[in-house]
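# Examination of the molecular architecture
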Amino acid sequence: DTGVSQDPRHKITKRGQNVTFRCDPISEHNRLYWYRQTLGQGPEFLTYFQNEAQLEKSRLLSDRFSAERPKGSFSTLEIQRTEQGDSAMYLCTLGVANEQFFGPGTRLTVL
Amino acid sequence: DQQVKQNSPSLSVQEGRISILNCDYTNSMFDYFLWYKKYPAEGPTFLISISSIKDKNEDGRFTVFLNKSAKHLSLHIVPSQPGDSAVYFCAASALAGTGANNLFFGTGTRLTVIP
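Residues numbered from 1 in each chain as written. Chains lettered and ligands numbered in written order. Predicted model: local features only at pLDDT ≥ 70, side-chain atom pairs only at ≥ 80, totals over all residues. Heavy atoms only, no water.

## A closer look at the overall build of chain B
Across its full length, chain B holds zero helices and 11 strands. Helices (α) and strands (β) of chain B occur, in sequence order from the N terminus, as β-β-β-β-β-β-β-β-β-β-β. Computed over the C-alpha atoms, the radius of gyration of chain B is 14 Å, within 12% of the 13 Å expected from 2.2 N^0.38 for a compact globule of 115 residues. Counting contacts in chain B only where the partners sit at least 6 residues apart, residues at least 24 apart contribute 54% of the total. In the form shown here, chain B has an accessible surface area of approximately 5,500 Å², with 50% of it arising from carbon and sulfur atoms. Distance between charge centres in chain B, computed from 10 positive and 9 negative side chains, equals 2 Å. (Helix = DSSP H or I, 4+ residues; strand = E, 2+ residues; numbered from the N terminus. Rg over C-alpha atoms; globule rule 2.2 N^0.38 Å. Contact = heavy atoms within 4.5 Å. Areas by Shrake-Rupley, 256 points an atom, 1.4 Å probe, with all protein chains shown as cover. Lys, Arg positive; Asp, Glu negative; His and termini not counted. Charge placed at Lys NZ, Arg CZ, Asp CG, Glu CD.)

## Overview of unusual backbone geometry
Looking along the chain, the bond that leaves D7 of chain A and enters P8 of chain A is cis, with omega of -5 degrees. Mapped onto the elements, P8 of chain A comes out in the loop between β1 (4-7) and β2 (10-13). The backbone of R81 of chain A sits at a positive phi, close to 50 degrees, despite the residue not being glycine. With respect to the helices and strands, R81 of chain A occurs in the loop between β8 (75-79) and β9 (88-96). A residue is classified by how much of its surface remains accessible, and R81 of chain A, at 46% relative accessible area, is partly exposed. Even without being a glycine, K71 of chain B presents a positive backbone phi close to 50 degrees. Summarising the element assignment, K71 of chain B is placed in the loop between β7 (62-67) and β8 (72-77). (Buried < 20%, exposed > 50% of the residue type's maximum accessible area, 1.4 Å probe, protein only.)

Here it is in C-alpha cells:
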C-alpha cells in the first residue's frame, strides 16, 4: 500500500508564526520525501529521509525549515517565522521501487 | 535552472482523439522518467514511467515514448476522455547516482478534453 496522509490539508497563518505539517505513511516505507509546489510550477524537492536518517536537503530548505522522521515512520516539516513567500503546497511522497507516490498535500497560506 | 521543460502550458483535444504531451530535459544523467496527473487541491497521481533503456512503455490508453538522443519524451493518451482533463507533469530522476533519487519536474501542461 503506497497510501500517505497529510495533516492539515489547509493552513492559514500570519507572517512570523511557526507552522508544522505531518506526513503519515499508511504502511512502512523506507524512503520519504518532501516537496514544495508553488502556483504554475512543478513540485520542487526539499528533503529526503531513508528510514529516520535525513540524507539530503535541497538549498530551498532554508534555516527556518526543519524536518524530522523520528521513528522512521511519520515525518514532520516545521517552518519557523513564516514569510509570505512560504505560501505553497507542501507534498510528502513515498519512494517505492523507482517511483514516488504523493500524498494529498498541505496548502499553506501566509498572510 | 529548469532541467525538465514542458513548453506547452495547455492543450485542448476533442474526446476520442489522441492527446500528445511533450517534455524535454537537459541533464544527461537522468535515466528514469515519469508522468503524473494532477487535479486541483490534490497531490499528483503517478501515471506511467519509463527507464532510459527503453524507448516505449504502454499501459492501457497511456503510452510514453523516449528519445534519448533528442532528450525528449512524450505521453500519448488515446482515446482521450473528458476525465483525462487535468494538469500533467513530466518528471525525471537519476537512479544511477548515489543520491536521493529525487524527482525533477516540469511546469506542467493543462489538458482539456472537450466532450
